[in-house]
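Observations on the three-dimensional arrangement
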Amino acid sequence: MSRCRTAAALSDLTGQRVLLEAPEVGVLQLEELADALTRYVPGQVTSVHQNFSGPIVGDAFLILSHSGAAALTGLLTDGSVRVEPLDESSREVLTEVGNILLNACLGMFGNLLGVRVTFSVPRLVVESAHDLVGSLARGGEGPRHALVVSMAFRVRNSAVTGYLALVLGVASLEELIERVESWEERELRKGRPS
């Protein structure tokens, strides 16, 4: 349902039909994130980063390759597939797309799990996957984990693959897992005959 709302919001923003394919999800230790990303996003990555807080605290990222970021920007604006460096207008489009996707993802988690989260202002950064993860490792306390969601955007019969990553400390990951298990239990009870 959130995938449909996210696609609808992007369609409204751009005036183009946007489809999001079913995502794949994995959990990694933070130290494994850079190597995993470089397998799928070689070279520089373009990321939209937002901090979020509440009962679950962490960092949320939309991560694209440089070519994917340029292509997505072009597809969402004038329909062309671009490869040139990102200009200021492209950066603004990507920041807004990241804001929509990250808020939809975290909003869905919040609604399903009964958690209210607040977000920082999104910011766009272009750097290597190792630099991205390195800045997170320096800024965090204790072991951290990344929940990585791989998704493909389809616009005008072209596809761009991006990754959503939620970086959480151990306490927040445990809280998330506990709330997911409670949600699953409630859903199972709903399905049982009385």
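Just above sits the structure.
Please read these numbers as outputs of a predicted model, since none were measured by experiment. (Residues numbered from 1 in each chain as written. Predicted model: local features only at pLDDT ≥ 70, side-chain atom pairs only at ≥ 80, totals over all residues. Heavy atoms only, no water.)

This part is about the overall build of the protein. When helices and strands are tallied, the protein shows 6 helices and 8 strands. When the helices and strands of the protein are listed from N to C terminus, the series reads α-β-β-α-β-β-α-α-β-β-α-β-β-α. The burial tally for the protein puts 46% of its 194 residues in the buried class. The contacts of the protein with a sequence gap of at least 6 include a subset with a gap of at least 24, amounting to 68%. Per element, the accessible surface of the protein, about 10,200 Å² overall, is 52% carbon and sulfur. (Helix = DSSP H or I, 4+ residues; strand = E, 2+ residues; numbered from the N terminus. Buried < 20%, exposed > 50% of the residue type's maximum accessible area, 1.4 Å probe, protein only. Contact = heavy atoms within 4.5 Å. Areas by Shrake-Rupley, 256 points an atom, 1.4 Å probe, with all protein chains shown as cover.)

Of note, Ser172 is situated in helix 6 (residues 170-191). Judged by its relative accessible area of 10%, Ser172 is buried. If near-sequence neighbours (up to four positions away) are discounted, Ser172 is found in contact with Pro55, Ile56 and Val57.

All right, on to the packing of aromatic side chains then. Applying the stated criterion to the full structure yields 1 aromatic pair. With centroids separated by 5.8 Å and ring planes inclined at 35°, the aromatic side chains of Tyr40 and Tyr163 adopt a geometry described as tilted. A residue pair is termed long-range when its members are at least 10 positions apart, and Tyr40 in helix 2 (residues 30-40) and Tyr163 in strand 8 (residues 158-169) qualify at 123 residues. Given a relative accessible area of 54%, Tyr40 falls into the exposed group. The class of Tyr163 is buried, set by a relative accessible area of 9%. (Phe/Tyr/Trp six-rings, centres within 6.5 Å; stacked < 30°, edge-to-face > 60°.)

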